[in-house]
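Structural characterization, general
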Amino acid sequence: MSTNPSRKPTGSEESAVPVLEVTNLEVHYGLRRRRRRALRGVSLSVAPGETVGIIGETGSGKSTLARAALGLVRASAGSLVIDGVEVGAYGHRQWRDLRRRGVVQYVFQDPLRSLDPDLTIEASLTEPLLIQGVPRQEAASRTRAFLSRVRLSADLLDRLPGELSGGQRQRMAVARALVTEPRLVILDEPVSALDSANRVQILQILKELRADGVALVFISHDLGSVAGVADRIAVLYQGELVEVGTAGDVINQPQHAYTRLLVRSAPTLHSAAADRAEREALRALLHA
Ligand SMILES: Nc1ncnc2c1ncn2[C@@H]1O[C@H](COP(=O)(O)OP(=O)(O)OP(=O)(O)O)[C@@H](O)[C@H]1O
């Protein structure tokens with residue numbers, strides 16, 4: 001299987017310095033006999049303001065890629081450049097500093113991982129701004145201004161995350177990630193735990209936030225969720241990127257058998273979803 005994505009990047013990406021540039025990234029877990037490769041030869045670049053969706057089934061390495069781009073897991077080979085700086089060899093403190101400076105932010109599936117359960121919503125939202133050196137009053141007004149963009153009322157500011165609904169919590173987590181105006185936000189399954197109304201709302205909010213010029217890496221096992229938001233889609237299969245292309249190309253002219261299977265299995269993408277026999281035929285082709 002090819003380790004190189006089969007499609008060329010779009011023109012806009014070529015003209016701008018990428019916010020994220022991953023080259024031949026390899027990640028292993030475990031030691032000695034338990035050592036397993038989770039990512040192999042992954043190369044991908046994300047331009048300022050671009051939204052790249054990363055899809056793949058469970059175990060394909062999506063979260064590992066997210067963790068590597070956040071410095072939560074170390075690459076065993078390859079290079080990782082964020083905003084023009086090689087960060088692959090960064091230590092724990094340098095990563096923490098990078099995240100604190102708000103260059104790269106994140107939203108996880110479980111908002112309680114992105115929000116401190118013991119901090120009020122207001123403290124959670126203003127904290128990253130205060131760390132950046134924004135004066136307290138300005139931090140408070142920026143926080144309030146951001147709330148309306150994620151369709152939340154200022155009445156919620158003095159609550160704890162545990163006192164909000166799942167959908168409200170996830171919108172708070174999105175607000176926290178974006179209030180510092182980061183260059184790059186990694187969203188790992190941000191809508192997977194939400195009901196359909198909240199899912200649609202978050203996807204709409206993400207679409208609107210793209211206009212700010214922030215680059216988004218949107219990870220999901222569900223092609224349907226990514227399709228309406230992403231400019232480009234990258235497909236991970238067994239730790240390798242097998243296809244990268246514009247969202248339209250990947251959905252309408254999938255090149256790799258696995259991508260065809262994903263497209264065929266996403267009922268929200270096509271009015272006529274593939275029947276079981278067709279999906280099984282594609283699966284057989286993949287494992288041939
Ligand atoms: N901490 C870990 N220690 C050992 N192996 C791990 C660890 N985390 C992930 N793996 C393995 O690495 C591979 C990729 O896992 P990863 O969580 O990145 O996949 P994923 O595509 O995000 O899956 P999911 O959609 O289920 O979250 C899997 O085989 C998984 O078992």
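Within an unreviewed UniProt entry, the label attached to the protein reads ABC transporter ATP-binding protein, and the organism entered is Peterkaempfera bronchialis.

Let's shift gears to the environment of leucine 44. As for its placement among the helices and strands, leucine 44 is situated in strand β2 (residues 36–46). Along the primary structure leucine 44 and valine 244 are separated by 200 residues, whereas in three dimensions their C-alpha atoms are 8.4 Å apart. When sequence neighbours within four positions are dropped, the list of residues in contact with leucine 44 reads Val22, Ala234, Leu241 and Val244.

Below, the discussion takes up the sheet that holds strand β8 (residues 215–220). Taken in spatial order, the 6 strands make up an open sheet running β6-β7-β8-β3-β9-β10, and their pairing is mixed. Lying at the two open borders of the sheet, with one neighbouring strand each, are β6 (104–107) and β10 (240–246). The mean inter-strand angle of the sheet, taken between neighbouring strand axes irrespective of direction, is 20°. Along the sheet face, helix α11 (residues 257–265) touches β3 (51–55), β9 (232–237) and β10 and points at about 110° away from the line of β9.

Once that is clear, we can look at the pairing of strand β1 (residues 20–29). Here β1 pairs with β2 via 7 bridges, running antiparallel. Considered in β2, the bridge of leucine 25 is made with valine 42.

On to the site of the ligand. Lining the immediate surroundings of the ligand are 13 residues, of which Tyr29, Ala38, Thr58, Ser63 and Thr64 lie closest. Looking at the shell around the ligand, the elements that each hand over two or more residues are β2 and α2 (62–69). Top element by residues in the shell around the ligand is α2. It accounts for 3 residues. Split into classes, the residues belonging to the shell around the ligand amount to 2 nonpolar, 9 polar and 2 charged.

On the secondary structure map, glutamate 138 appears in helix α6 (residues 136–149). Given 12 C-beta atoms within a 10 Å radius, glutamate 138 is considered exposed. Sequence separation between glutamate 138 and threonine 126 is 12 residues, and the spatial gap between their C-alpha atoms is 9.4 Å.

Each pair of packed helices gets described by two things: the angle between the helix axes and the distance between those axes. For the pair helix α7 (residues 166–178) and helix α8 (residues 196–209), the least separation of the axes is 10 Å and the interaxial angle reads 15°. As the angle between them shows, α7 and α8 are arranged roughly parallel. Handedness of the crossing formed by α7 with α8: right-handed. Every residue of α8 that contacts α7 at Gly166, Gly167, Gln170, Arg171, Val174 and Leu178 is listed here: Asn198, Gln201, Ile202, Ile205 and Leu209. Residue composition of the contact of α7 with α8, grouped by class: 5 nonpolar, 5 polar and 1 charged.

Side chains three or four residues apart in an α-helix point the same way, a direct result of the helix having 3.6 residues per turn. By the burial criterion, the buried members of helix α5 (residues 121–131) are Ile121, Ser124, Leu125, Thr126, Pro128 and Leu129. Elements that come into contact with the buried residues of α5 comprise α6 and α7. A positive phi of about 95° marks glycine 133, the residue just after α5.

Attention now goes to the environment of glutamate 21. One can find glutamate 21 in strand β1. Distance in space between the C-alpha atoms of glutamate 21 and arginine 159 is 38 Å, their sequence separation being 138 residues. Discounting chain neighbours no more than four positions away, the residues touching glutamate 21 are Ser45 and Val81.

What counts, and at which threshold
Residues numbered from 1 in each chain as written. Predicted model: local features only at pLDDT ≥ 70, side-chain atom pairs only at ≥ 80, totals over all residues. Helix = DSSP H or I, 4+ residues; strand = E, 2+ residues; numbered from the N terminus. Contact = placed C-beta atoms within 7 Å. Pairing = 2+ DSSP bridges. Axes fitted to C-alpha atoms, helices over the stretch in contact; angles between N-to-C directions. Near = placed C-beta within 6 Å. Nonpolar A, V, L, I, M, F, W, Y, C, P; charged D, E, K, R; others polar. Buried ≥ 20, exposed ≤ 12 C-beta atoms within 10 Å, placed from the backbone. Parallel < 35°, antiparallel > 145°, perpendicular 65-115°, else oblique. Left-handed = near helix turned anticlockwise from the far one by under 90°.

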